[in-house]
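A look at the structure
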Amino acid sequence: MYNGIFWLIVVFLSVEFLVSQVLAWMNRKAASSPIPPEVEGLYDEQEYVRQQNYFKTNNRFSLYVEGFNFLLMLALLIWGVLGWLCGYLSDYTESETLLTLCFFGVLFVANEIITLPFSVYSVFVIEERFGFNKTTPATFVADKLKGLLLGVVIGGGLLFVITWLYGWLQSSFWLAAFAVVALFSVLLNMFYSTWIVPLFNKQEPLPEGELRSAIEAFSDKAGFKLDNIYVIDGSKRSSKANAYFSGLGRKKRIVLYDTLIDELSTDEIVAVLAHEIGHYQHHHTRQMMWASLLNTFILFYLFSLLCESPLPSEALGGTTASFPLSLVAFSMLYTPVGMLTGILSNYVSRKNEYQADAFAVFCGYGEALIGALKKISANALCNLTPAKSFVFVYYSHPTLVQRIDNIKKQMR
């Protein structure tokens, strides 16, 4: 059981945990630094104390959750629980496809049960304490049930197809499986706001008025055909503000949170919109989609080299080669590669954010964008002084200070 792959998995998971904790410690130290001059006045003294408390509370909570998850995973590995579960289920079916679905079904439900107390505490204690939570218990339960249903339908459906392809094509299954996942990813990207979001939130067209007129005038000026502007009821769950761009081709749409409309001026909202359109003009959505597909392609290929070997299954406590155990073992062995691709993805994403900001500046909304970013950050009690190393590894967006500095440079 304790073969070379077992020890590799333990080392990879341990190193990832230790690195994350060191970075979190560095971030805690940096968080108490004085407010940078670029954002001085963003918080008054009382609000800055509140922001520091919010950061420290979340940081401490993350430490407990990550520590618990790490120890739980080590226990599962050392005691061979995953191998035992797979062997137990295999006594009831000879079908590899059904075994895989049952195995991951049990893990999925167990994970939901184990993480439920953490989710409840995060939403109804931490977010409630700092005035962000707007989620009712009924909405929380409904969200969980809908999430479970989506996980079963979408995750179970993809898993069924992938496992069936493996049973049919064996080690050469990976190319067909990649094609299925790639097609699904593109469709999800195109129809996420149409198919998935309505299950959780109401999306209504932005009504006629000053804001819509300003947005349409800007879109015409920028040469951007914008047919779909929606308002989403984000206030149903949180007081935090946001906006996003989704879809491809004719299915693209801009979605504004109602909290964003309540907090920002018309010019500031148009500036946020200009930023989102900047992503489209620079083809960032397609760029990130292609990068994701390339990563998936490599992932499936590497897994195909390992899936028929008994060693990954034995590392998890199995006795023979098993597709579900190989899949779990591979996901753990992929940890260092996943960390590196995550860092690269975040680096590219931060560059894209700078480009989108520059587009808003080019359109004459530099000052308005700075005002919007300040309000959004202050409303969310964002950490103004994160550690550079933490930003490098985990941040998909530049910090507020970095974005303001870049916008001012573009305005000169």
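Calculation rules
- Residues numbered from 1 in each chain as written.
- Predicted model: local features only at pLDDT ≥ 70, side-chain atom pairs only at ≥ 80, totals over all residues.
- Heavy atoms only, no water.
- Phe/Tyr/Trp six-rings, centres within 6.5 Å; stacked < 30°, edge-to-face > 60°.
- Helix = DSSP H or I, 4+ residues; strand = E, 2+ residues; numbered from the N terminus.
- Buried < 20%, exposed > 50% of the residue type's maximum accessible area, 1.4 Å probe, protein only.
- UniProt positions renumbered as here; feature names shortened; annotations may be inferred.
- Contact = heavy atoms within 4.5 Å.
- Salt bridge = Lys/Arg side-chain N within 4 Å of Asp/Glu carboxyl O.
- Axes fitted to C-alpha atoms, helices over the stretch in contact; angles between N-to-C directions.
- Parallel < 35°, antiparallel > 145°, perpendicular 65-115°, else oblique.
- Nonpolar A, V, L, I, M, F, W, Y, C, P; charged D, E, K, R; others polar.
- Core = buried A, V, L, I, M, F, W, Y, C linked by side-chain atoms within 4.5 Å.

Re the packing of aromatic side chains
Considering all chains together, one arrives at 29 aromatic pairs under this definition. Summarising the aromatic geometry, the rings of Trp-174 and Phe-297 are spaced 5.2 Å apart at their centres and angled 70 degrees between planes, so their arrangement reads as edge-to-face. In this pair, Trp-174 sits in helix H6 (residues 173-196) while Phe-297 sits in helix H10 (residues 284-304), placing the two residues 123 residues apart along the sequence. The class for Trp-174 is buried, based on a relative accessible area of 16%. For Phe-297, a relative accessible area of 31% gives the class partly exposed.

A look at the UniProt feature "active site" (unreviewed entry) in the chain
In this numbering, the UniProt entry assigns the feature "active site" (unreviewed entry) to Glu-276 and Asp-357. These annotated residues cover 82 residues of sequence, but their C-alpha atoms sit close together, with the largest distance between any two at 8.7 Å. Looking at the secondary structure, you find Glu-276 in helix H9 (residues 266-281). With a relative accessible area of 11%, Glu-276 lands in the buried category. Position of Asp-357 relative to the elements: it lies in helix H13 (residues 335-362). Look at Asp-357 and you get buried, because its relative accessible area is 0%. Excluding anything up to four places from it in sequence, Asp-357 contacts His-275, Leu-369, Arg-403, Asn-406 and Ile-407.

Some thoughts on the pattern of salt bridges
One pass over the full model with this rule turns up eight salt bridges. Here Arg-403 ties to Glu-353 by a salt bridge, and the two come within 4.0 Å at their closest N and O atoms. Of this pair, Arg-403 sits in helix H16 (residues 400-411) while Glu-353 sits in helix H13, and the two are 50 residues apart along the sequence. Overall, Glu-353 belongs to the buried group, its relative accessible area being 6%.

Some thoughts on the packing of helix H4 (residues 96-129) against helix H12 (residues 323-333)
In a packed pair of helices, the relevant descriptors are the angle between the two axes and the axis-to-axis distance. Axis separation between H4 and H12 bottoms out at 8 Å; the angle between their running directions is 45 degrees. In terms of orientation, H4 lies oblique with respect to H12. On the side of H4, the interface is formed by Glu-96, Leu-99, Thr-100, Phe-103 and Phe-104, while H12 contributes Phe-323, Pro-324, Leu-325, Leu-327 and Val-328. For the contact of H4 with H12, the residue count by class is eight nonpolar, one polar and one charged.

Quick word on the nonpolar core
The biggest cluster of nonpolar side chains holds 49 residues, and the ones touching the most others in it are Ile-215, Phe-218 and Leu-256. Counting residues per element, this core draws most heavily on H9, which supplies seven residues. In this view, Phe-218 contacts Val-270, Leu-273, Ala-274, Ile-277, Phe-359, Cys-363 and Tyr-365; residues no more than four positions away in its chain are not counted. By size, the runner-up hydrophobic cluster in this structure holds 40 residues, among which are Phe-70, Leu-89, Ile-162 and Leu-325.

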